[in-house]
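Fold and contact review
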Amino acid sequence: MHVLEVILILVATAAGIASFSWIAWTRRLKHVWPKRGEIKIINKAGLWPGIAEVVFQTKVIANRPVTGLFHLLIFYGFVSFGAKSVTHALNGLLGLEHPIPMGPLDYLIDVFSVLVLAGVVFMAIRRYSVMKNQLTHMLESGIVLALIGTLMITYILERPWGGDLGLVGPAAKVNWWVHFLILCGFPSLIAYGKHFHLIVGPINVVLKHMVEVPSDRLVPGSDLDMGGDDATDADFEKELARVGMPNGVSDFSFHTLFDPAACIECGRCNDACPSAGAGLKPRDHFVLAFRDPATNSEKLQELAPPDIVATCTQCRACDTVCPVGNRPSKAGLELRGRMTAEGVYPPRALKEGGAGPVSASGNIFAADPSDRARFIEDSNIPYFNPEEHELLFVLGCQGGYSPDVRPVVVATARLLEAAGVKYGVLEDETCWGEGVLHGGGIMEEWPFYKEERVDSLSEALGGKNERTILTICPHCRDNIGVQLSAAAQQQGKAPFTGMRSHVNYLLELVNQGKLQVDARAEDMAVHHPCKTIHHDEQGDFDALLKTAGVTGHTAGNSPEIPRCCGGGGGGFLWDSPAKVNKNRFEQLMAEAKQKTIVTGCPGCHRMLAVAKDEETKLADVATVLHDRLRAPVDAK
């Protein structure tokens with residue numbers, strides 16, 4: 001009889017392993033595995049922070065502490081019962097009457113069994129009452145919760161409570177088989193549905209920390225190569241296919257295809273999205289839309305309509321709140337690039353507001369360059385001479401042409417002079433392309449566009465691309481420092497490694513004692529630009545305000561979670577239906593309750609200026625410092 005039981009145990013075990021492996025491979029990993037070579041570890045130091053995030057489940061608990069705590073209990077119950085499951089199988093193979101003792105670990109698992117059972121009850125009540133209209137896969141989740149609960153109950157029934165040795169005889173045998181069969185079948189259910197995140201999620205969290213550092217991201221498709229003079233139409237079509245999506249979902253990158261396997265479908269990214277009012281759902285449009293590798297291009301456009309995709313501001317709030325390391329905004333950026341190559345993106349309003357003016361005039365305002373020249377002359381700002389100046393000051397479209405932003409340029413120039421920094425600006429400066437590139441719309445023009453700007457900038461720097469380049473615009477900083485630097489390397493030139501934001505650079509001057517300000521107490525609402533947060537410079541931003549004596553009041557959990565003005569991802573180029581800037585202004589007024597808003601990005605300045613009331617004033621960290629400037633300090 002025992003021999004037959006052993007055979008049944010081995011057959012059930014083999015069937016469970018085979019079923020899990022087949023489902024996991026065919027449904028989740030087969031189309032991802034060939035792309036594994038795209039994983040580039042650029043931050044080995046991220047291993048331990050990634051492991052710490054998994055161990056302490058910090059993102060799971062953040063923002064939803066009660067729910068997160070119960071998820072934490074279930075996660076550790078899942079982990080701790082791994083060893084117990086092995087002894088449970090051995091118990092049956094050896095035909096033992098009582099469970100194999102594991103010493104103190106038994107008592108720890110006893111505690112977890114009760115806590116996990118409580119967590120299952122809580123999650124079931126929450127899922128089918130409070131969150132029944134927000135969560136997905138209700139039947140599957142119900143089955144999973146029921147199976148977890150049954151595992152806990154069957155474990156509890158076999159344990160010695162109050163001196164009793166638990167179930168014995170036929171009841172114990174039935175209890176053992178119920179527990180064991182669930183163990184054999186549970187992995188297959190996990191592989192089939194959304195609960196695969198229990199296995200993939202921890203891997204994804206660690207990868208997130210190791211494959212990115214604080215910075216901008218390369219725009220997919222920006223390496224489009226038009227070919228040489230001998231390139232044929234067929235060559236160009238092949239290149240467009242490489243950066244497009246003729247085969248649908250299967251054309252996308254590793255991270256975009258791996259994220260759906262890790263997705264917990266909790267909806268936190270949807271809740272954090274500033275464009276939710278326009279219908280954007282990062283979970284649905286940027287993650288779950290890529291779950292089925294058989295989805296073709298037409299179907300993908302139905303799952304992620306271009307008009308809705310266009311409302312994404314690339315603020316990365318969705319990335320920040322994700323508890324399993326997903327980066328929906330990165331998938332959204334790739335989707336935009338591939339849709340652009342297919343000719344279905346961007347929407348006409350975004351294209352007319354971005355690529356059109358830039359192509360016609362070289363700036364997003366379609367303004368006459370002579371207007372910029374007059375501003376520079378009237379403001380007594382010198383032109384850059386590589387033999388004389390140590391720093392190139394890039395104004396950007398908004399710094400050069402926007403009346404609202406020009407005071408920030410002048411304030412920054414006067415601060416540089418006060419610190420003894422020898423600087424100059426470009427005599428001729430055209431749009432660096434961040435808004436149109438991130439928003440989509442210059443795909444076919446980009447190979448020529450980037451080459452022209454790399455050549456002109458390298459020439460202006462005297463061939464020394466490592467020189468310091470300062471800008472008040474983080475959008476310009478990112479496109480020069482990331483997109484054009486990559487383009488420069490493709491051309492065999494050095495990248496522009498000296499890109500600096502005025503936030504970080506001015507703080508450096510203050511810390512070096514070259515720039516001195518008199519602190520003057522003042523309360524202001526603080527809007528941290530998303531790109532400042534992306535580069536991990538929000539601390540620098542706050543330090544400058546503290547130096548100036550400003551007490552900042554934030555709103556909406558900023559800067560821990562980016563709270564966008566609506567200008568990112570090309571948002572400042574068109575009238576997006578999301579109305580993110582209006583929502584952000586109202587949030588600042590309701591929570592910060594101040595009549596002056598300080599920021600550090602001309603895009604934010606522009607978006608909030610459109611949304612604000614007449615009484616509210618806008619300031620930049622540079623204008624705040626300049627207003628408190630003590631006296632010039634000679635450079636030593």
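For the structure itself, look to the data block above.
Here the structure is a predicted model, which is why all the values come from computation and not from measurement.

What counts, and where the lines are drawn
Residues numbered from 1 in each chain as written. Predicted model: local features only at pLDDT ≥ 70, side-chain atom pairs only at ≥ 80, totals over all residues. Heavy atoms only, no water. Helix = DSSP H or I, 4+ residues; strand = E, 2+ residues; numbered from the N terminus. Buried < 20%, exposed > 50% of the residue type's maximum accessible area, 1.4 Å probe, protein only. Contact = heavy atoms within 4.5 Å. Areas by Shrake-Rupley, 256 points an atom, 1.4 Å probe, with all protein chains shown as cover. Lys, Arg positive; Asp, Glu negative; His and termini not counted. Charge placed at Lys NZ, Arg CZ, Asp CG, Glu CD. Core = buried A, V, L, I, M, F, W, Y, C linked by side-chain atoms within 4.5 Å. Polar contact = N/O pair within 3.5 Å; in protein donor to acceptor, adjacent residues only side chain to side chain. Pairing = 2+ DSSP bridges. Right-handed = clockwise from strand over helix to strand, strands pointing away. Disulfide = S-S within 2.5 Å. Phe/Tyr/Trp six-rings, centres within 6.5 Å; stacked < 30°, edge-to-face > 60°. Axes fitted to C-alpha atoms, helices over the stretch in contact; angles between N-to-C directions.

**A short note on the overall build of the protein chain**
Helix and strand counts for the protein chain come out as 30 helices and 8 strands. Principal axes of the C-alpha set define a box for the protein chain whose edges measure 100 × 65 × 45 Å. The proportion of buried residues among the 636 residues of the protein chain is 55%. Across the protein chain, every contact between residues at least 6 apart in sequence was considered, and the portion connecting residues at least 24 apart equals 79%. When the accessible surface of the protein chain is totalled, it reaches about 27,200 Å², and 59% of it is carbon and sulfur. For the protein chain, the distance from the average site of its 60 positive side-chain charges to the average site of its 71 negative ones is 6 Å.

**Points about the nonpolar core**
In terms of nonpolar packing, the biggest core is built from 91 residues, with L335, I469, I480 and F496 touching the most fellow members. Setting aside its immediate chain neighbours within four residues, F496 contacts V454, L457, S458, L461, N465, I469, I480, G481, L484, S485 and A488. Judged by nonpolar contacts, the second largest core, of 41 residues, contains M524, A548, V550 and V621.

**Overview of the side chain of R28**
Residue position: R28 is located in helix α1 (residues 2-29). Of note is the side chain of R28, whose polar atom sits 3.3 Å from the backbone oxygen of Y192. Discounting residues that sit within four places of it in the chain, R28 has contacts with I23, A191, Y192, G193, K194, F196, P260, A261 and R291.

**A look at the pairing of strand β7 (residues 596-599)**
Side chains of β7 alternate between two faces, with T596 and V598 and I597 and T599 buried alike. Relative to strand β8 (residues 617-620), β7 runs parallel, the two being bridged by 4 bridges. In the sheet register, I597 faces β8, and the bridge partner there is L618. Considered for its hand, the β-α-β crossover made up of β7, helix α29 (residues 602-611) and β8 is right-handed.

**Points about the state of the cysteines**
For the structure shown, the criterion picks out 0 disulfides. Sulfur of C312: no disulfide; nearest cysteine sulfur belongs to C318 and is 6.4 Å away. For C312, a relative accessible area of 8% puts it in the buried group. Left unpaired, C564 is separated from the closest cysteine sulfur, that of C530, by 3.9 Å.

**Thoughts on the packing of aromatic side chains**
Evaluated as defined, the whole model comprises 8 aromatic pairs. Relative to F180, the ring of W176 lies with its centre 5.0 Å away and its plane at 10 degrees, an arrangement referred to as stacked. Taken together, the residues W176 and F180, both in helix α7 (residues 169-192) and 4 residues apart, mark about one turn of the helix. Each member of the pair, W176 together with F180, is buried.

**Considering the environment of H31**
Note on placement: H31 falls in the loop between α1 and α2 (47-56). Sequence-wise, H31 and C322 are 291 residues apart; in three dimensions their C-alpha atoms are separated by 23 Å. For H31, the residues in contact, after removing those within four places along its chain, are L257, R291 and P293.

**Things to note about the sheet that holds strand β6 (residues 550-553)**
Pairing is parallel across the open sheet formed by 4 strands, whose spatial order is β6-β5-β7-β8. Of all strands in the sheet, those with a lone pairing partner are β6 and β8, marking the two edges. Between one strand and the next, the sheet's axes are offset by a mean angle of 40 degrees, whatever the strand orientation. Two strands pair when backbone bridges link them, and strand β5 (residues 522-526) and β7 are joined in this way by 2 bridges, in the parallel orientation.

**Description of the sheet that holds strand β2 (residues 423-425)**
Within a sheet, each strand pairs with its neighbour through backbone hydrogen bonds, oriented either parallel or antiparallel. Here we have 4 strands laid out as an open sheet, ordered β2-β1-β3-β4, and parallel in their pairing. Two strands lie at the open edges of the sheet, namely β2 and β4 (499-501), each paired on one side alone. For this sheet the average axis-to-axis angle between neighbouring strands, irrespective of direction, equals 30 degrees. Bridging between strand β1 (residues 391-394) and β2 involves 3 bridges; their strand directions are parallel. The residue of β2 that forms the bridge with F393 is V425. Here helix α25 (residues 502-511) sits on the sheet and contacts β1, β3 (468-471) and β4; the angle it forms with β4, its principal contact strand, is near 80 degrees.

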